[in-house]
Amino acid sequence: MFCQKSLQCSMGMVLAWAAAFTSRWAAAQPAETVPVGVAKVDITPVGPVRMYGYGSRTTESEGIAGRLKAAALAIGSDTGEGPAMLLTVDCGAVPTAMRDEVLRRVQAKVALKPERFMLCNSHNHSGPDLAGMEGMIGTEHEHLARYAKMLTDRLEQVVLQALASRQPGSLAWTTGSTGFAANRRVLKDGKWVGFGAVPEAPVDHSLPLLRVSDAQGKMLAVVVNYACHNTTLRGDFKGIHGDWAACAQQCIEADHPGAVAMVTVGCGADADPCPHGTVALCEQHGRALADEVKRLLANPLKPVTPTLTARMTMLSIPFDWPPPMEELQRRAKNSYPVSRLLKDIQSGEKPPADRKYQIATWTFGNDLAMVFLSDEVVVDYALRMKRQFDGSRLWISAYSNRVAGYVASDRLLKEGGYEVDNSLSAAVSYGRPDWLTPTLEERIVRSVGSLLPESFRAHGKN
């Protein structure tokens, strides 16, 4: 009995030693490499322009309070499926036509597939109003048209620079958190009554981080994602500024010289920075995010398999039948998309048959899945997908490729209010968002699930 116990003990020690050796040996191995390239360019307007985001601002900008940037990350070679390109832009909303023009120009030089080209807007509310340019006349239109040409050229430039700078590198990721986002929807008796900061309401404070390093381990870029509006600066602010996202980039790059910082925005359409109101608060929020980045980078990160599989789908959401003109006019008073539809109908135009909604996923083996959603998506989408799928390996970005309205959740439909009235659901239903069946939330979550591999889908329950 004594010998048997001794043998079992010895075997246990050997197995433990072997496991520890194997773990140390695996950790010492170089990460799997993939061609990576990064680049950054200034996109600050050179003169006054009409500003994005607040209807109360009816004059052009007054000076530059902070620089705007665009950054590009290229992953992969030109063989096989070709490279993937992540492009982050300090802009409220890059028009779809501009995004498509940049892709067309790049495709003339490099085989870049549409599902492997993601443009992520910071949704900054203190930059040029490219989305509203077509409704302007005179010098205001001229100034924005000039800026649009410059921006298109520079986005092409930064993408091509990132592709040209590719070198062997590796990817790793982790997740932290930062806490300046606050749900802004104030309710009374379960109904929306206005904006504020609601501590107990849903919010997503997670901060996923992707580190891009060269073959020697030097960090080339760091990408972070946070679910919060870039609205620290309000409608009374008249200067050009990139808000908390731009400040976070500046702080991260100062902390890590030589690295390019990139920020994507998650499902934070119903979250505002708290507190808000000044450039100093933009800097405070940016510094808080950068401090969390510094903490995360000081600890081990999870290696990411560099094999990237990209999938994309375009939902077709049919328009409902329009209500009588009197009802349509009444509903248009509280809804920007409905008011635009009403103007089109009154001018003799035929309403569109459907509205397209783009969803894309990038999966890196079984290590990480990135989800890219168009428009201004509220937090419930991210929280539900993290429950329903494997949230420990999920990165969800909104404001991707198109920003034209809110994407309200089933919960918000019951509460009503600003985001619901100005949502895609309200647009296709002529101001009757609760009429859309199945709901937009159900359609989008189902579509994301169909794009994700089984290893990411078979995790939780709705």
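Use the structure listed above.
The structure displayed is predicted, hence computed values, not measured ones. (Residues numbered from 1 in each chain as written. Predicted model: local features only at pLDDT ≥ 70, side-chain atom pairs only at ≥ 80, totals over all residues. Heavy atoms only, no water.)

J.: Quick question: what am I supposed to make of the layout of surface pockets here?
T.: Quantified by volume, the largest pocket comes out at close to 1700 Å³. Every residue lining the largest pocket is counted, 49 residues in all, and those nearest its centre are Y52, A131, Y336, R340 and A404. For the lining of the largest pocket, the secondary structure elements donating two or more residues are α7 (336–346), β15 (354–364) and α11 (424–428). Counting residues per element, the lining of the largest pocket draws most heavily on α7, which supplies seven residues. In terms of residue class, the lining of the largest pocket is built from 22 nonpolar, 13 polar and 14 charged. (1 Å grid on protein atoms, 1.4 Å probe; cavity = no way out; pocket = protein on both sides within 12 Å on 5 of 7 lines; lining within 4 Å. Points joined across faces, edges and corners; volume = space filled by probe spheres on them. Helix = DSSP H or I, 4+ residues; strand = E, 2+ residues; numbered from the N terminus. Nonpolar A, V, L, I, M, F, W, Y, C, P; charged D, E, K, R; others polar.)

J.: Teacher, can you tell me more about the environment of L328 here?
T.: Relative to the helices and strands, L328 is located in helix α6 (residues 325–332). Here L328 falls in the buried class, since its relative accessible area comes to 1%. Separated by 44 residues in the primary sequence, L328 and Q284 have C-alpha atoms spaced 44 Å apart. If near-sequence neighbours (up to four positions away) are discounted, L328 is found in contact with P323, V338, L342, I345 and Y430. (Buried < 20%, exposed > 50% of the residue type's maximum accessible area, 1.4 Å probe, protein only. Contact = heavy atoms within 4.5 Å.)

J.: Would you explain the pattern of salt bridges in this entry?
T.: Close approach of charged atoms allows side chains with opposite charge to pair. In total, this model carries 34 salt bridges according to the counting rule given. Among the salt bridges present, the one from D100 reaches R99, with a minimum N-O distance of 3.3 Å. A relative accessible area of 5% places R99 in the buried class. Close ionic contact of D153 with R105 constitutes a salt bridge, the shortest N to O distance being 2.8 Å. (Salt bridge = Lys/Arg side-chain N within 4 Å of Asp/Glu carboxyl O.)

J.: Explain the packing of α6 against α7 to me, please; I cannot follow it from the model alone.
T.: When two helices pack together, their arrangement is given by the angle between the helix axes and the distance between those axes. Running from N to C, α6 and α7 cross one another at 140 degrees; their axes reach a closest spacing of 8 Å. When the interaxial angle is binned, α6 and α7 end up oblique. The two elements α6 and α7 cross, and the hand of that crossing is left-handed. Residue-level inspection shows M325, L328, Q329, R331 and A332 of α6 in contact with α7, the latter providing V338, S339, L342, I345 and Q346. Across the contact of α6 with α7, the residue classes tally to six nonpolar, three polar and one charged. (Axes fitted to C-alpha atoms, helices over the stretch in contact; angles between N-to-C directions. Parallel < 35°, antiparallel > 145°, perpendicular 65-115°, else oblique. Left-handed = near helix turned anticlockwise from the far one by under 90°.)

J.: Help me out: how do you make sense of the environment of T309 in this one?
T.: Mapped onto the secondary structure, T309 falls in strand β14 (residues 308–318). Exposure remark for T309: the relative accessible area of 36% places this residue in the partly exposed category. T309 has contacts with T361, W362 and T363, leaving out every residue within four places of it along the chain.

J.: Please clarify how the sheet that holds strand β18 (residues 394–397) should be interpreted in this entry.
T.: Reading across the sheet, the four strands line up as β14-β15-β16-β18 and stay open at both edges, with mixed pairing between neighbours. A single partner strand is all that each edge strand has here, and the edge strands are β14 and β18. Going from strand to strand, the sheet's axes swing by 15 degrees on average, the running direction of each strand aside. Contacts from helix α8 (residues 379–388) reach β16 (368–373) and β18 within the one sheet, and its direction differs from that of β18 by about 160 degrees. Where helix α12 (residues 440–451) meets the sheet, its contacts fall on β14, β15 and β16, and the angle it forms with β14 comes to roughly 155 degrees. (Pairing = 2+ DSSP bridges.)

J.: Whenever I open this one, the nonpolar core confuses me. Can you help?
T.: Within soluble globular proteins, side chains that are nonpolar tend to cluster in buried spots. Membership of the largest hydrophobic core comes to 45 residues, with the highest contact counts inside it found for Y357, L373, Y381, M385, I444 and V448. With five residues, α12 is the largest single contributor of residues to this core. Filtering out sequence-adjacent residues up to four positions away, Y357 remains in contact with T313, M314, L315, I317, L373, S374, D375, V377, V407, L424 and I444. Core analysis: the next-biggest nonpolar cluster, separate from the first, contains 36 residues, A74, L112, M133 and V159 among them. (Core = buried A, V, L, I, M, F, W, Y, C linked by side-chain atoms within 4.5 Å.)

J.: Could you clarify how one ought to interpret the side chain of R99 in this entry?
T.: Checked against the element boundaries, R99 lands in helix α2 (residues 96–107). Engagement of the side chain of R99 in a polar contact is seen with the side chain of N401, the distance being 3.1 Å. Ignoring any residue separated from it by four or fewer positions in sequence, one finds R99 in contact with V94, P114, F117, L119 and N401. (Polar contact = N/O pair within 3.5 Å; in protein donor to acceptor, adjacent residues only side chain to side chain.)

J.: Sorry, what's going on with the pairing of strand β9 (residues 206–214) here?
T.: Every regular strand shows the same layout, with side chains that alternate between the two sheet faces. Judged by how many residues are buried, β9 sits mostly within the fold: eight of nine residues are covered. By the bridge criterion, nine bridges tie strand β5 (residues 167–177) to β9 in an arrangement that is antiparallel. Along β9, the bridge assignment pairs G169 with D214. The pairing of β9 with strand β10 (residues 219–226) spans five bridges and is classified as antiparallel. Looking across to β10, one finds that R211 is bridged to V222. The hairpin formed by β9 and β10 contains four residues between the paired strands, and G217 there has a positive phi angle of roughly 95 degrees.

J.: What exactly am I supposed to notice about empty space enclosed by the protein here?
T.: Where empty space is left in the structure can be found by rolling a water-sized probe over the atoms. A full pass over the atoms with the stated rule returns one cavity of 30 Å³ or more. Roughly 40 Å³ of volume is contained in the largest cavity. Along its surface, the largest cavity is lined by K69, A70, A71, T88, V89, D90, S122, Q249 and V263. Broken down by secondary-structure element, the contributors of at least two residues to the lining of the largest cavity are β2 (69–75) and β3 (84–89). In the lining of the largest cavity, the residues fall into four nonpolar, three polar and two charged.

In short, shape yes, function no, at least from these values alone.
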